[in-house]
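What follows is each chain in one-letter form.
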Amino acid sequence: MNQGLALVETGGVSAPVGPEASEAFASIVGDSPALRRCLADARRIAERGARTVLVIGETGTGKELFARGIHAGGPASDGPFVPVNCPALPASLLEAELFGYERGAFTGARERKKGLLEVAGEGTLFLDEVSSLPLDLQPKLLRALEDRKIRRVGGLEEIAIRCRVVAATNESLETAVATGRFRADLYYRLNVLPVTIPPLREREGDVTTLARHFAREAAERNGVAVRLLSPEALGVLEAHGWPGNVRELKNVVDRAVVMGSGPSIGSDDLHLGRRRARAEDRGVAEHPGIEIPPDGRTLASIEAEAVARMLEITGWNKSAAARILEISRPTLTRKIRQYGIRPPNA
Ligand SMILES: Nc1ncnc2c1ncn2[C@@H]1O[C@H](COP(=O)(O)OP(=O)(O)OP(=O)(O)O)[C@@H](O)[C@H]1O
Ligand SMILES: [Mg+2]
């Protein structure tokens with residue numbers, strides 16, 4: 001297998017269709033003061049052409065949507081938007097992806113290949129889940145951001161980079177620094193212009209606005225008549241805590257639109273208020289409780305099952321799983337290794 005070829009195809013370069021600056025954030029719905037403040041920050045940062053931006057927010061709050069808005073709303077909008085999911089690749093492949101390589105730099109490197117920092121050109125490199133950036137790549141990224149130059153793997157030539165870098169994290173980088181997983185110097189460099197997206201539970205009134213928006217959108221997408229959400233259904237939505245934020249809300253409303261019947265969407269169509277709702281939102285089948293047979297079970301096997309289920313429920317979002325289990329992320333990683341737990345498609 002040609003490994004060199006496989007790795008270059010994983011980056012994914014999106015088409016650079018950039019709306020006008022004024023429309024850049026138009027797909028972001030919500031009128032709450034918390035969201036308005038955040039949008040104003042993002043718009044200002046986009047327009048001023050900041051070269052490094054950090055987008056911070058819990059899972060499902062819209063980090064990628066904001067990153068695309070920052071790209072489209074500023075001088076980088078003519079260039080491509082190049083997303084890179086940091087945890088998706090092992091360190092060596094990620095380095096080759098970001099910085100590129102020269103022919104013969106390693107087995108499989110049959111020809112010279114540009115890194116995504118170069119490919120992004122005058123556009124935006126989106127470094128998603130930057131807290132997962134391997135430690136030994138962090139000084140290299142820092143140098144790239146400071147000197148605006150990179151070297152390809154196995155190369156000597158210094159190549160100027162021109163792109164804007166938008167990094168995103170749902171994990172506190174302060175914690176990652178405190179636990180030695182993230183370099184303080186890179187954190188300070190990234191954190192110059194942070195855009196902090198509020199969790200949905202702190203956006204007063206936005207649940208209703210978003211739910212109506214998603215109900216309309218889902219009806220159009222599925223070619224069914226638009227049904228209104230009943231006041232009772234809106235009450236249930238407003239009362240929910242939304243740990244999965246906007247994505248979770250969208251999933252709940254999408255399902256209600258497709259599965260529900262009757263003139264309006266009622267609270268029963270939402271399937272909220274049941275403990276299994278969260279797992280269902282993420283496409284996880286309902287589980288019975290952890291079973292302990294009469295002759296008992298080892299604590300280790302119970303722990304392994306609990307860890308595996310939590311990973312399944314959170315869609316392998318390790319930060320979220322660790323938070324719910326009230327253990328640190330490194331501890332979770334250790335347990336995954338210890339019990340040999342694997343993602344479904346591994
Ligand atoms: N304010 C909003 N208005 C409309 N749609 C939104 C809004 N915020 C998020 N969404 C939608 O919710 C979903 C999740 O958003 P997005 O992928 O940007 O979140 P994220 O913070 O990157 O999540 P993760 O941490 O899981 O990567 C997407 O379908 C997005 O279009
Ligand atoms: Mg994302």
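As a reminder, the structure under discussion sits directly above these lines.
Figured I'd write up the structure that's included with this text.

What counts and how
- Residue numbers restart at each chain and count upward from 1, following the sequence in its written direction.
- Working convention: letters from A go to chains and numbers from 1 go to ligands, in the order in which they are written.
- For a predicted model such as this one, the threshold for reporting local features is a pLDDT of at least 70, and the threshold for listing and counting side-chain atom pairs is 80 or more; totals across whole chains, interfaces and linings nevertheless cover every residue.
- Based on all heavy atoms of the structure, the side-chain values leave hydrogens and waters out of the count.
- Here, axes are lines fitted to C-alpha atoms. For helices the fit covers the stretch in contact, and angles between N-to-C directions go from 0 to 180 degrees.
- Numbering goes from the N terminus for both helices and strands, where a helix is a DSSP run of H or I of at least four residues and a strand is a run of E of at least two.
- Comment on the angle field: the value is read as roughly parallel under 35 degrees, roughly antiparallel over 145, roughly perpendicular from 65 to 115, and oblique elsewhere.
- The criterion used for residue contact is that any of the two residues' heavy atoms lie within 4.5 Å.
- The residue classification treats Ala, Val, Leu, Ile, Met, Phe, Trp, Tyr, Cys and Pro as nonpolar and Asp, Glu, Lys and Arg as charged. All others, Gly included, are polar.
- Burial classes: relative accessible area under 20% of the type maximum marks a residue as buried, over 50% as exposed, and values in between as partly exposed (1.4 Å probe, protein chains only).
- Residues adjacent in sequence count toward polar contacts only when both atoms are side-chain atoms; beyond that, a polar contact is any pair of N or O atoms within 3.5 Å, and within protein one must be able to donate a hydrogen and the other to accept it.
- Here a residue counts as near a molecule or strand whenever at least one of its heavy atoms sits within 4 Å of it.
- Only the protein chains shown count as cover for residues, with accessible areas throughout obtained via the Shrake-Rupley method and a probe of 1.4 Å.
- Those domain boundaries reflect an automatic or database domain assignment.
- Planes of paired rings set the category: under 30 degrees apart is stacked, over 60 is edge-to-face and the rest tilted, where pairs are Phe, Tyr or Trp rings (Trp by its six-membered ring) whose centres lie within 6.5 Å.
- By this rule, a helix spans an expected 1.5 Å times one less than how many residues it contains.
- Each nonpolar core is a collection of buried residues, namely Ala, Val, Leu, Ile, Met, Phe, Trp, Tyr and Cys, held together in the definition by side-chain atoms within 4.5 Å.

1. Comments concerning the packing of helix α14 (residues 318-325) against helix α15 (residues 329-339)
Moving on, step 1. Running from amino to carboxyl end, α14 crosses α15 at an angle of 100°, the nearest separation of the two axes being 9 Å. The orientation of α14 with respect to α15, classified from their angle, is roughly perpendicular. Of the residues in α15, those touching α14 at K318, S319, A321, A322 and L325 are R329, L332 and I336.
Moving on, step 2. Partitioned by chemical class, the residues of the contact of α14 with α15 number five nonpolar, one polar and two charged.

2. A word on the environment of E102
Moving on, step 1. The residue E102 is located in the loop between β3 (100-101) and β4 (113-114) in this model.
Moving on, step 2. The exposure class assigned to E102 is buried, which follows from its relative accessible area of 14%.
Moving on, step 3. Note: C-alpha distance between E102 and G154 (52 residues apart in sequence) is 5.6 Å.
Moving on, step 4. Polar side-chain contacts of E102 include one of 3.1 Å to the side chain of R112.

3. Looking at helix α4 (residues 91-99)
Moving on, step 1. For α4, the buried fraction is high: seven of the nine residues fall into the buried class.
Moving on, step 2. Of the residues making up α4, those classed as buried are L93, L94, E95, A96, E97, L98 and F99.
Moving on, step 3. The first or second residue beyond α4 is G100, which carries a positive phi of 80°.

4. A few points about the site of ligand 1
Moving on, step 1. Around ligand 1, 17 residues are found, and the nearest of them are V29, T59, G60, K63 and R247.
Moving on, step 2. Within the contact set of ligand 1, an oxygen atom lies 2.6 Å away from a side-chain nitrogen or oxygen of K63.
Moving on, step 3. Alone, ligand 1 offers 640 Å² of accessible surface; in the complex the protein occludes 83% of this.
Moving on, step 4. Residue assignment for the shell around ligand 1 shows that the elements contributing at least two residues are α3 (63-72), α9 (206-222) and α11 (245-259).
Moving on, step 5. Class assignment for the residues of the shell around ligand 1 results in six nonpolar, six polar and five charged.
Moving on, step 6. The two domains that each donate at least three residues to the shell around ligand 1 are domain 1 (3-196) and domain 2 (200-281).

5. Observations concerning the packing of aromatic side chains
Moving on, step 1. Using the criterion set out here, one finds four aromatic pairs in the structure.
Moving on, step 2. Taking 6.3 Å as the distance between ring centres and 55° as the angle between the ring planes, the aromatic pair formed by F25 and F66 counts as tilted. With F25 in the loop between α1 (3-8) and α2 (33-47) and F66 in helix α3, this residue pair connects regions lying 41 residues apart in the sequence. Each member of the pair, F25 together with F66, is buried.

6. A closer look at α11
Moving on, step 1. Given a rise of 1.5 Å per residue, 15 residues ought to cover 21 Å, and the 21 Å separating the end C-alpha atoms of α11 matches this to within 8%.
Moving on, step 2. Looking at α11, one finds that the buried residues are N245, V246, E248, L249, V252, V253, D254, R255, A256 and V257.

7. Comments concerning the nonpolar core
Moving on, step 1. Grouped together as the largest cluster of nonpolar side chains are 33 residues, with contacts concentrated most on L98, L117, L125 and L127.
Moving on, step 2. When contributions to this core are tallied by element, the ones reaching two or more residues are β2 (81-85), α4, α5 (116-119), β5 (124-128), α6 (138-147), β8 (164-169), α7 (173-178) and α8 (184-190).
Moving on, step 3. Those residues in contact with L125 that sit more than four places away from it in its chain are V82, V84, L98, L116, L117, A120, C163, R164, V165 and V166.

Geometric descriptors of this kind do not, in isolation, establish any biological role.
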